[in-house]
Structures are given as C-alpha cells and as structure tokens.
Amino acid sequence: MDDAALFDQFKACAVKVLGVDGDKVVPEANFADDLDADSLDIVELVMELEDSFSIKVDESELEGVDTVGAAFNLVKGKLA
Amino acid sequence: MKLGWSADGEAIESPFQVAITGVGVVSSVGIGKEAFWSGILNSSYSGSRLIDDFDPAQYMNVKEARRADRYNQLGLAASILAMNDAGNPEINPAKAGVWMGTGVGGLTTLESQILICHGRGPDRVSPFLVPMMMANSNAATISMKFGFTNTCQTTATACAAGTQAIGNAAREISSGRATIMLAGGAEVATTPTAIAGFDNMTAASPTATSRPFDAERNGFVMAEGAAVVVLEELSHAVARGAHIYAIVAGYGSNADAHHITAPAPHGAGAIACMERALEDAGLTPSQIAHVNAHGTSTPLNDKGEAEAIDKLFGATRPPVTSIKGALGHTLGAAGAIETVAACLTFENGIIPPTANTVNIDPEMNIDVVIGQPRKLGDGAIISNSFGFGGHNGSLVFTRP
C-alpha cells in the first residue's frame, strides 16, 4: 500500500474519533491546537489506529508525538 | 419556601421566591413542550417508550455527541430547550448553577464497555468510559455548555431523583445562594441488562402496558427521557419580563426507612412527604387543586400512593393524574418531566388524563382523571416521586 492510501486510512481514523473535517487532518496539524484533541482523545485515536492497522503502540512511544505527521510516521514505521 | 426553622420551632420565610421561567422536555411522546403536551393529552398508548426521533446533531457537534452517553445527550438537549424557552436570560455565571437527577447515569456506555472489556480485553476499554458513565456527567456537561459556575450537583435517588433535584435546586435560590438554576433529570436505562433486572424483579409490566391506578395494572413500562426547567429568583424574572409558568412554593423529601424496593405500608412515607411539602409552601391540603401522581402502574406503588392521597386530602378529593400511562417510567427523569407537565397544566388550565387506565382499582378512594382531560380548578398542584430505596419527594407549585 502506498503512502497516500495509508494516510487516507489514518485520516479516516482521525475523522471518526476526533470528529473533525478530513481536510484538517494534514501532516503539519497539531493535535491540541488544530484538532482540539486532548489527552483522552489521543488515547482513543491510538486505539482506533491499532485496530485499523493491526499494530500495537506502547504509551512510551507517544512521547513528543503531537502532530499528525509524527503520529503517521510512527504508524508507518510499525508496518515496515 | 421556608428558609428553615428557628430554635423555637418558628418557620422562617424565605425572602426569595422561586419561579419557573423555562421548560425543556425530550420524551417518547414528543420533543419540546408543544409536542409533549399534545402527546400526554392522548388517552391511550402502548409499545416502546423509546425516543425514535431524537437527533443529537440539533443540539451538539459530532465530537460532543460521541463523548456523551445518550442519557447525557437527552439531558443536554432538554437544558438547551429550557434556556431557549426562558429567552436565554443574561446572568452572572457565578449566580447560576445546575442540579440534575438520574437513576444511574451513563448505563448504555457502561454496558457496552463491559462487553468490550470481557470480549476484547481491558486495553480496548474506552478512555471515555468514566466521564461518560458517571452519574454527574450530565450536570457537568450542562454547566460547561452555559458556563454556569455556581453549584453543580447531581441527585441519584432512583425514581425520586428528578423531583429531588428540582427541590434541591429551588432551595439554592430560596436561600439566596443562586439566582438561576437549571434543574431536572435525564435517564436512559433501557439496556438489555437493566431491562432484564427490572423484569426479573417483576416490577415491569409483562404486557408492556402502563395503566396507573387501574385494577388490571401489572407493572411499569421502561422509558427514556429528560426534562429541565429554568428556576429563577422571582424578582429577577419579573425585572426582565420573563414568562412565569409557576412558583415552586414548597418541597418535601423524606425516607420510608422500610425496604429497598417496597413502599412503606399504607403510604406512610408518602403522606409524611406531602405534608412536609405543604408545610414548606404554607398551604393546607384543601388548597391543592390537583395531584400529579408518581403513579407507576405497579401494584404496590399505586396502592400505597392512593391510600396516602386519600388519607391526606380526604373529602377534598383533588383530581389525580399520572402521565406515566402515556410516557411509561423514565425513572430519574420522571419527576422533572412531571414538573413540566404541571407547568403546562397551569398554562392550559386542563389536567391530562391518565392514559390507558379504564377501570380504577375499586380499593382506591381517589379521583383519577381518565378518558378526557379535565378542567383545572383554583389552587395549587402537588407532584410526587417515590424511588427504590424509600426516597420520597414532593413539590408544590402555585400559579404565578
């Protein structure tokens, strides 16, 4: 699956969990500032991503991950 | 309402009267006061008492709806309808509070997350389980919606919760602590497990028919719903030219201290509760024009309540109605929905009939309104709620 298709899959998870418009889910978007996501929202988003991509993300791996791009790279790295 | 009593036992009158200036209701017979009122004027109902036409998107955004249990969605919607009905009064947020009632809170969320925990494991349980299930989530959501920073509390006294929440909120105003309170109740306890629990304790009607005070009554019908009223200090309401539905003149609450589900024999707790509410209002039983009964359609409740009404009011025989014939039983929301019904009874000058009731139990010496609505006479309205656990609440409303 290419990056664009993977990102669409990621975007669908964010739209579902965070209740935001899809066009706001861009790599540079900050979860707190641009997507109004608090720490509980992030926990739920991670659970959604784990289910959708069949991956496992440890809480410690989320340190410093505060943009869509950083989170997407984390997910992508798990698929390699 | 009374501020309290002096050391000599003298009643101390409150300088603050409590007006109802807005009503919001989300019920199975209609959403909004007009639909609700025409719904409870019908004389027969059967089947589901779920609210099929509720659209959360009309009251909150997608994310807010996703983060709110259905009971909270209904309660929030009712609060918005009530504030709109009151003309969205401008208020110092520190003088405005919230007091809601519920039997259990976010039961739908709890039940679904229990299934997830046991089916898929604890690491799949939503991080929103706790804030969505907690019984105070609706009051908290309403306070955030309107930015009200005065007291924000929840009363969880089963089927008495809605009435007791409004009574407690009214006391916040009559004691001078608040100027406006949003108060009411919300309930969605219609999950498979909760329904099974009520069925197995034989409290629910096996024929799914609610017919309060009827000789053939056989239990209540589970329902979902919510109602909120805007309580406002009278002079504040008058100064802004608000429409006033009613005055909350008195509130009584007590405990049967008898049994976890069965009411005290011969309506003893209910009599004492109504007496407290009348004393708080400074009224005598003969000044009551109408009783909006708890009337659940269970054999024991209706028997005890009828006996209590008969003993307390005697020859006055105020007309009695239970809107649970139409609505079924919304548990912790019931008293709040019935408060809205009392407001609209004053407004329209007629008492809705007790739907589905045809043959009044011959053991009951009370005047139940059945078939057609009846003209409301002069006087006050008393509304009762009695909850599992022996919690009793009565509110007395007078005309503005």
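Residues numbered from 1 in each chain as written. Chains lettered and ligands numbered in written order. Predicted model: local features only at pLDDT ≥ 70, side-chain atom pairs only at ≥ 80, totals over all residues. Heavy atoms only, no water.

1. Topic: the overall build of chain B
And then number 1: In terms of regular secondary structure, chain B is built from 13 helices and 15 strands.
And then number 2: By the compact-globule yardstick of 21 Å for 400 residues, chain B fits well, its C-alpha radius of gyration being 20 Å.
And then number 3: Overall, chain B is about 65 × 50 × 40 Å in size when its C-alpha atoms are taken along their principal axes.
And then number 4: Across the 400 residues in chain B, those meeting the buried criterion constitute 59%.
And then number 5: For chain B, restricting intrachain contacts to residue pairs at least 6 apart in sequence, the fraction spanning at least 24 positions comes to 79%.
And then number 6: Carbon and sulfur atoms provide 54% of the accessible area of chain B, an area that totals close to 14600 Å².
And then number 7: Separation between the mean location of the 24 positive side-chain charges and that of the 35 negative ones in chain B comes to 4 Å. (Helix = DSSP H or I, 4+ residues; strand = E, 2+ residues; numbered from the N terminus. Rg over C-alpha atoms; globule rule 2.2 N^0.38 Å. Buried < 20%, exposed > 50% of the residue type's maximum accessible area, 1.4 Å probe, protein only. Contact = heavy atoms within 4.5 Å. Areas by Shrake-Rupley, 256 points an atom, 1.4 Å probe, with all protein chains shown as cover. Lys, Arg positive; Asp, Glu negative; His and termini not counted. Charge placed at Lys NZ, Arg CZ, Asp CG, Glu CD.)

2. Re the environment of Val18(B)
Residue and element names in this part refer to chain B.
And then number 1: Tracing the backbone through its elements, the reader meets Val18 in strand 3 (residues 18–27).
And then number 2: Among the residues examined, Val18 registers a relative accessible area of 1% and is labelled buried.
And then number 3: Once the C-alpha coordinates of Val18 and Glu232 are considered, the two residues, 214 residues apart in sequence, prove to be 5.7 Å apart.

3. Here's the deal with unusual backbone geometry
For residues other than glycine, phi is negative in most cases, and the peptide bonds are mostly trans.
And then number 1: Look at Asp36(A): it is not a glycine, yet its phi comes out positive at around 55°.
And then number 2: Overall, Asp36(A) belongs to the exposed group, its relative accessible area being 57%.
And then number 3: Residues other than glycine seldom take positive phi values, yet Ala158(B) does so here, at roughly 50°.
And then number 4: In this structure, Ala158(B) sits in the loop between strand 6 (152–155) and helix 7 (161–174).

4. Observations concerning the pairing of strand 1 (residues 2–5) of chain B
Residue and element names in this part refer to chain B.
And then number 1: As paired elements, strand 1 and strand 2 (residues 11–13) share 3 bridges and run antiparallel to each other. Following the sheet pairing, Gly4 is matched in strand 2 by Ile12.
And then number 2: Hairpin remark: strand 1 followed by strand 2, antiparallel, with 5 residues in the connecting loop; positive phi at Gly9, about 85°. (Pairing = 2+ DSSP bridges.)

5. Quick look at the nonpolar core
In globular proteins that are soluble, nonpolar side chains generally tend to be buried together.
All names here are of chain B.
And then number 1: One finds Ile20, Phe36, Ile40, Leu231 and Val248 to be the most contacted residues of the largest nonpolar core, which totals 46 residues.
And then number 2: Broken down by element, the residue count for this core peaks at 8 residues, all from helix 13 (residues 334–348).
And then number 3: Ignoring sequence-local partners within four residues, the contact set of Leu231 consists of Val18, Ala19, Ile20, Ile166, Ala169, Ala170, Ile173, Thr179, Ile180, Met181, Ala183 and Val248.
And then number 4: Grouped together as the second largest cluster of nonpolar side chains are 28 residues, Tyr59, Leu76, Ala78 and Leu182 included. (Core = buried A, V, L, I, M, F, W, Y, C linked by side-chain atoms within 4.5 Å.)

6. Let's talk about the interface of chain B and chain A
And then number 1: The interface of chain B with chain A comprises 12 residues on the first partner and 15 residues on the second.
And then number 2: Contact with chain A buries area across many residues of chain B, yet Lys63(B), Arg66(B) and Arg124(B) alone supply 50% of it, more than any other trio.
And then number 3: At the boundary of chain B with chain A, the tally comes to 8 salt bridges.
And then number 4: The partner of Arg66(B) in a salt bridge is Glu44(A), and the shortest N-O contact between them spans 3.3 Å.
And then number 5: One can count 13 residue pairs in polar contact (both at pLDDT 80 or more) joining chain B with chain A.
And then number 6: Of all the elements, helix 2 (residues 62–66) of chain B adds the most residues to the side of chain B that touches chain A, at 3 residues.
And then number 7: Of the residues contributing to the side of chain B that touches chain A, the split by class is 5 nonpolar, 1 polar and 6 charged. (Buried area = accessible area lost by both parts, 1.4 Å probe. Salt bridge = Lys/Arg side-chain N within 4 Å of Asp/Glu carboxyl O. Polar contact = N/O pair within 3.5 Å; in protein donor to acceptor, adjacent residues only side chain to side chain. Nonpolar A, V, L, I, M, F, W, Y, C, P; charged D, E, K, R; others polar.)

7. Quick notes on a negative patch on the surface
Residue and element names in this part refer to chain A.
And then number 1: Judged by side-chain charge, Glu28, Asp33, Asp34 and Asp66 come together as a negatively charged surface patch.
And then number 2: Turning to its location among the elements, Asp66 is positioned in the loop between helix 3 (39–53) and helix 4 (68–79).
And then number 3: Since its relative accessible area comes to 42%, Asp66 is described here as partly exposed. (Patch = residues over 30% accessible without salt bridge, like charges linked within 9 Å, V, L, I, M, F, W, Y side chains within 5 Å.)

8. Side note on the packing of helix 1 (residues 3–18) of chain A against helix 3 of chain A
Residues and elements named next belong to chain A.
And then number 1: Contact geometry of helix 1 with helix 3 gives a least axis separation of 9 Å together with a crossing angle of 140°. The angle between helix 1 and helix 3 falls in the class oblique. Taken as a pair, helix 1 and helix 3 cross one another with a handedness that is right-handed. For the pair helix 1 and helix 3, the contacting residues are Leu6, Gln9, Phe10, Cys13, Ala14, Lys16, Val17 and Leu18 in the first and Asp41, Glu44, Leu45, Glu48, Leu49, Ser52 and Phe53 in the second.
And then number 2: Considering only residue class, the contact of helix 1 with helix 3 consists of 9 nonpolar, 2 polar and 4 charged. (Axes fitted to C-alpha atoms, helices over the stretch in contact; angles between N-to-C directions. Parallel < 35°, antiparallel > 145°, perpendicular 65-115°, else oblique. Left-handed = near helix turned anticlockwise from the far one by under 90°.)

9. Some words on the side chain of Ser137(B)
All names here are of chain B.
And then number 1: In this fold, Ser137 is placed in helix 6 (residues 137–146).
And then number 2: Engagement of the side chain of Ser137 in a polar contact is seen with the backbone oxygen of Met134, the distance being 2.8 Å.
And then number 3: When near neighbours in sequence (up to four residues on either side) are disregarded, Ser137 contacts Tyr71, Asn72, Pro131 and Met132.

10. Describing the packing of helix 3 (residues 70–85) of chain B against helix 6 of chain B
Residues and elements named next belong to chain B.
And then number 1: Helix 6 packs onto helix 3 with a crossing angle of 40° between their chain directions and a minimal axis gap of 9 Å. Taken together, the axes of helix 3 and helix 6 are oblique relative to one another. Handedness of the helix 3/helix 6 crossing: right-handed. Of the residues in helix 6, those touching helix 3 at Tyr71, Asn72, Gly75, Leu76, Ser79, Ile80 and Met83 are Ser137, Asn138, Thr141, Ile142, Lys145 and Phe146.
And then number 2: Residues belonging to the contact of helix 3 with helix 6 are distributed by class as follows: 6 nonpolar, 6 polar and 1 charged.

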